Amino acid sequence: MADAARSTDRLEALDITRKLAAICGDPFARFAGPADEVAGRTARWVAVPGGPHAAAEVLRLAAAHDLTVVPRGAGTKIDWGAAPAQVDIMLDTGRLAGVWHEPRDAAVAEIGAGTPLRAVQATLGRTNRRLPVDAPSPGATLGGVLAADESGPLRHRHGSPCAQLVGVRYLDADGELVSVGESGTEALGRATPGSGGGRASERGPAGDGGAAGAAGSAGRGAGGPAGVFGPGGPADGPGWGAGGAFGDGPGGGDAILGRGEVPGLDVARLLCGSQGGLGVLVSATMRVHAVPAGRLWVSRPVWTPLEVHDLVRAVLAAGVDPAAVELDLPVPVPLPRRRIPATHPSVINRPDHPAVTGRPAAGSLVVLLEGGPADVTERAERLAAVLGAEAMISHHAPEWWGRYPFAPGDTALRIEVPINDLHAAVYALRDATGSPVPVRGSAGSGTVHAALSGALPPERVASILTAVRSVLIARRGRCVVVAAPAAVRRAVDLWGELPTLPRLRSAKAHLDPHHRLAPGRLPGGL
């Protein structure tokens, strides 16, 4: 309360608090506390609106008082990226939740932005369906996953969460409720669900020349479209940092100028990975798929990045249609002296397996196969034959599956590079650091995460980034700092070279001209 009163006249601060309480309800509006931070920047107020209309009123109040707004879902990635220049109102989306109108035969579902992803999957699972989205952050909301364009192993087959979008409803900086693409209820021929407290005026995407009339590029096979600013995306996919959303491909620079081929969807994709800097997501209409009847994981121990390169090529050439191809390269540790007997069922006929020989495995390459049970079994056996005697088939994912290699306090890196150059990127990181570094992620799409010790001084992290980026730039790759201790975050370049920055400025100018939405969270201090 003291922080808010210092920054704003005390009477005005109390007046804003009363107005927020009138919009959201007394229990859902308050002065912010020490835990209400965004990358170390403390908010002044927290507002938890009960529906789109209330959220729109919060944004209008912010505009009237020239206050900044930063959306928050579950807060699982609230410390990712740059700290905002200022956080006046933290808009919590927890009450913008629900899975609406999703009958058994529907191919899409409209989902509130504040809905936890696990709740979405549980609801869809009742009718044997799922979102092909498996973001690693525990407890993440759908809106948070989209705002960070956070991907898990299933990205290999289905693309990023952004690729699953059919349409979105979002609030612009002035509090206007905008619908782009197709809402789930429109797809089902039904009325849009009420928001439980009125609705803001709703408008479609702008026409030719408007900021909101834009085209979305289709998914591009394994990897799909990359996030706009977020952590997802191979270097050759559309995306701000990778030169796609405003690059030369479909849905490029014309996207912001409203000259795309499929009006609406590029705006939805602009919001992906924008960390709330271009709009506040209210709901997203996503594609849904049947839950596969069979799932098997085929794993093989690996020792060097070059070996991983050769094995990934073999997997992709084997014609087994993998749902995911994941790599785990932890810092090597010796195996216990006690070995598994060669007669043990798990290693029978595998005399060279490291559990038998005692040879320490540096990591694992694991391939997920999905489909009909008989078909999956046949493909798994065929893939195991390709990977050799050390391959193993399991009905369960390894413990590290779908988890990041970094922990709170680490400097977390994301490396994006064409898959043929992934080994070069890992070697470059090892060389720059002077020792092995934990690496984990989608070897089949060239996007992995790595962890540097949080104890490394900022200047050392900066030198590592410079060395790695110099190797990646010639390979159409990039290295981004996802999260870091405050001292590192302030001292290093989080994004590296970003040729699309001028167009990014144009996008921000169109969609948030007064820089009220998460100012400073985007590259270039936008």
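What you see is a predicted model; the values in this text were computed from it and never measured.

Could you give an account of the overall build of the protein, naming the residues involved and the relevant values?
Along the protein, the regular secondary structure elements total 16 helices and 22 strands. Of all 526 residues assigned to the protein, the portion counted as buried reaches 57%. Restricting the contact set of the protein to residue pairs at least 6 apart, pairs at least 24 apart contribute 73%. Accessible surface computed for the protein: about 20,400 Å², of which carbon and sulfur atoms make up 54%.

Give a description of the environment of Leu-311 that names residues and reports values.
Mapped onto the elements of the fold, Leu-311 is located in helix H10 (residues 305-317). Overall, the relative accessible area of 10% leaves Leu-311 in the buried class. The spatial distance from the C-alpha of Leu-311 to the C-alpha of Leu-387 is 7.2 Å, given a sequence separation of 76 residues. Not counting chain neighbours up to four residues away, the residues in contact with Leu-311 comprise Arg-300, Val-302, Leu-365 and Leu-387.

Which residues make up H10, and what values go with them?
Here H10 spans 18 Å end to end across 13 residues, near enough to the 18 Å set by a 1.5 Å rise per residue. Among all positions in H10, only Pro-305, Glu-307, Val-308, His-309, Leu-311, Val-312 and Val-315 are buried. Where H10 is buried, its residues touch strand S15 (294-302), strand S16 (324-329), strand S17 (363-371), helix H12 (373-387) and helix H13 (422-433). At the exit of H10 stands Gly-319, carrying a positive phi of roughly 70°.

How would you explain the pattern of salt bridges if you had to name every residue and give the values?
Per the counting criterion, the structure on display carries 23 salt bridges. Ionic pairing is found between Asp-174 and Arg-516, a salt bridge with its closest N-O pair at 2.7 Å. Here Asp-174 is found in the loop between strand S10 (165-171) and strand S11 (177-181), whereas its partner Arg-516 is found in the segment after helix H16 (501-511), with 342 residues between them in sequence. Judged by relative accessible area, Asp-174 falls into the partly exposed class, the value being 45%. Linking Arg-382 and Glu-378 is a salt bridge whose minimum nitrogen-to-oxygen distance equals 3.0 Å. With Arg-382 and Glu-378 both in helix H12, this residue pair falls four residues apart, about one helical turn. Assessed through its relative accessible area of 34%, Arg-382 is described here as partly exposed. Under the relative-accessibility criterion, Glu-378 is labelled partly exposed at 39%. Salt bridges sharing common partners tie together Arg-30, Asp-36, Arg-72 and Asp-92.

Lay out the confidence of the model for the protein in plain terms, naming residues and giving numbers.
Looking at the protein as a whole, the pLDDT averages 81, with 76% of positions reaching at least 70. Here helix H8 (residues 254-257) stands out as the least confident element of the protein, with mean pLDDT 36; H12 is the most confident, with 97. Note on residues 184-262: pLDDT under 50 across the span, and 235 contacts to partners over four residues away in sequence or across chains.

How would you sum up unusual backbone geometry? Please name residues and give values.
Look at Asp-149: it is not a glycine, yet its phi comes out positive at around 45°. Examined against the element boundaries, Asp-149 turns out to sit in the loop between helix H5 (142-148) and helix H6 (155-158). In this structure, Ala-518 takes a positive phi of about 40° despite not being glycine. You can see Ala-518 is positioned in the segment after H16.

Outline the side chain of Arg-469, supporting the account with residue identities and numerical values.
Counting through the fold element by element, Arg-469 comes out in helix H14 (residues 458-472). Within the buried set, Arg-469 has no salt-bridge partner at all; the shortest N-O distance to an opposite charge, 4.3 Å, is to Asp-493. Among the polar contacts made by the side chain of Arg-469, one reaches the main-chain carbonyl oxygen of Cys-479 at a distance of 2.9 Å. Not counting chain neighbours up to four residues away, the residues in contact with Arg-469 comprise Cys-479, Val-480, Val-481, Asp-493, Leu-494, Trp-495 and Gly-496.

Just give me the short version of the packing of H13 against H14, but keep the residues and values in it.
Relative to each other, H13 and H14 sit at 150°, their axes nearing to 9 Å. Here H13 lies roughly antiparallel to H14, going by the angle between them. H13 and H14 meet at a crossing whose hand is right-handed. Across the interface between the two elements, Ala-424, Ala-425, Ala-428, Leu-429, Ala-432 and Thr-433 from H13 touch Arg-460, Ile-464, Ala-467, Val-468, Val-471 and Leu-472 from H14.

Just give me the short version of empty space enclosed by the protein, but keep the residues and values in it.
Scanning all chains against the criterion turns up five cavities of 30 Å³ or more. What the largest cavity holds in volume is close to 480 Å³. Around the largest cavity, the lining is made up of 34 residues, and of these Gly-144, Ala-147, Ala-148, Gln-275 and Arg-521 lie nearest the centre. Elements that contribute at least two residues to the lining of the largest cavity include exactly strand S5 (69-72), H5 and strand S22 (478-483). In the lining of the largest cavity, the residues fall into 16 nonpolar, 14 polar and four charged.

So what's going on with the packing of aromatic side chains? Which residues, and what values?
Counting across every chain of the model gives five aromatic pairs. Ring geometry for Tyr-404 versus Phe-406: centroids 4.8 Å apart, planes at 15°, classification stacked. The pair formed by Tyr-404 and Phe-406 is uniform in burial state, with each residue classed as buried.

Describe the nonpolar core, listing the residues and the values that go with them.
Counting residues in each nonpolar core, the largest one holds 49 residues, and the members touching the most others are Leu-365, Leu-383, Leu-413 and Leu-429. Not counting the four nearest positions on each side in its chain, Leu-383 is found in contact with Val-298, Val-315, Ala-318, Val-320 and Val-367.

Go over the environment of Ala-284 with me, naming the residues and quoting the values.
Relative to the helices and strands, Ala-284 is located in strand S13 (residues 280-287). Once the C-alpha coordinates of Ala-284 and Val-108 are considered, the two residues, 176 residues apart in sequence, prove to be 10.0 Å apart. Not counting the four nearest positions on each side in its chain, Ala-284 is found in contact with Ala-109, Glu-110, Ile-111, Leu-142, Leu-146, Leu-165, Gly-167 and Val-168.

About the thresholds
- Residues numbered from 1 in each chain as written.
- Predicted model: local features only at pLDDT ≥ 70, side-chain atom pairs only at ≥ 80, totals over all residues.
- Heavy atoms only, no water.
- Helix = DSSP H or I, 4+ residues; strand = E, 2+ residues; numbered from the N terminus.
- Buried < 20%, exposed > 50% of the residue type's maximum accessible area, 1.4 Å probe, protein only.
- Contact = heavy atoms within 4.5 Å.
- Areas by Shrake-Rupley, 256 points an atom, 1.4 Å probe, with all protein chains shown as cover.
- Expected span 1.5 Å × (residues − 1).
- Salt bridge = Lys/Arg side-chain N within 4 Å of Asp/Glu carboxyl O.
- pLDDT = per-residue confidence, 0-100.
- Lys, Arg positive; Asp, Glu negative; His and termini not counted.
- Polar contact = N/O pair within 3.5 Å; in protein donor to acceptor, adjacent residues only side chain to side chain.
- Axes fitted to C-alpha atoms, helices over the stretch in contact; angles between N-to-C directions.
- Parallel < 35°, antiparallel > 145°, perpendicular 65-115°, else oblique.
- Left-handed = near helix turned anticlockwise from the far one by under 90°.
- 1 Å grid on protein atoms, 1.4 Å probe; cavity = no way out; pocket = protein on both sides within 12 Å on 5 of 7 lines; lining within 4 Å.
- Points joined across faces, edges and corners; volume = space filled by probe spheres on them.
- Nonpolar A, V, L, I, M, F, W, Y, C, P; charged D, E, K, R; others polar.
- Phe/Tyr/Trp six-rings, centres within 6.5 Å; stacked < 30°, edge-to-face > 60°.
- Core = buried A, V, L, I, M, F, W, Y, C linked by side-chain atoms within 4.5 Å.

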